[in-house]
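Each chain, written out:
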Amino acid sequence: MWRVKIDCSAEDWGINSKIFKDMAAKYPGTLLSSKKMYGDDRRIMEYQIEDVSDADEFTEECLTIPGFTAMFESL
């Protein structure tokens, strides 16, 4: 199992949230958490994905969305 962690600013979320949600729906995974941080309203999301190839592709695709960063690690 793999955890994909994504974050973005409040501004980037406001502009690109629909693109992100549509993209995330393509991958078989479970949303572990979605947080709006106090103060700067930055978003942090974590997904659990079973297959390493899917985790890698999801991470790479997240990085194509302006203002989004992503990484994955083993659970």
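Each remark here, short or long, concerns the structure printed above.
Our subject in this report is the structure included herewith. Please read these numbers as outputs of a predicted model, since none were measured by experiment.

This next bit is on unusual backbone geometry. Even without being a glycine, Asp41 presents a positive backbone phi close to 60°. Mapped onto the elements, Asp41 comes out in the loop between strand 2 (29-36) and strand 3 (43-49). The class of Asp41 is partly exposed, set by a relative accessible area of 33%.

Let us now look at helix 1 (residues 10-24). If you check helix 1, its first and last C-alpha atoms are just 18 Å apart, much less than what 15 residues at 1.5 Å a residue would give, namely 21 Å. Along helix 1, the sharpest change in direction is near 70° and occurs at Asn16. Looking only at helix 1, the buried set comprises Asp12, Trp13, Asn16, Ser17, Phe20, Met23 and Ala24. The elements touched by buried residues of helix 1 are strand 1 (2-8), strand 3 and helix 2 (52-62).

In terms of strand pairing, strand 1 meets strand 3 through seven bridges, oriented antiparallel. From the neighbouring strand, Lys5 faces strand 3, where its bridge partner is Glu46. Inspection of the sheet shows strand 1 paired to strand 4 (residues 69-74) by six bridges, in the antiparallel sense. Among the inter-strand pairings, Trp2 is bridged to a residue of strand 4, identified as Ser74.

Definitions and cut-offs
- Residues numbered from 1 in each chain as written.
- Predicted model: local features only at pLDDT ≥ 70, side-chain atom pairs only at ≥ 80, totals over all residues.
- Heavy atoms only, no water.
- Helix = DSSP H or I, 4+ residues; strand = E, 2+ residues; numbered from the N terminus.
- Buried < 20%, exposed > 50% of the residue type's maximum accessible area, 1.4 Å probe, protein only.
- Expected span 1.5 Å × (residues − 1).
- Bend = angle between axes of the 7 residues up to and from the residue.
- Contact = heavy atoms within 4.5 Å.
- Pairing = 2+ DSSP bridges.

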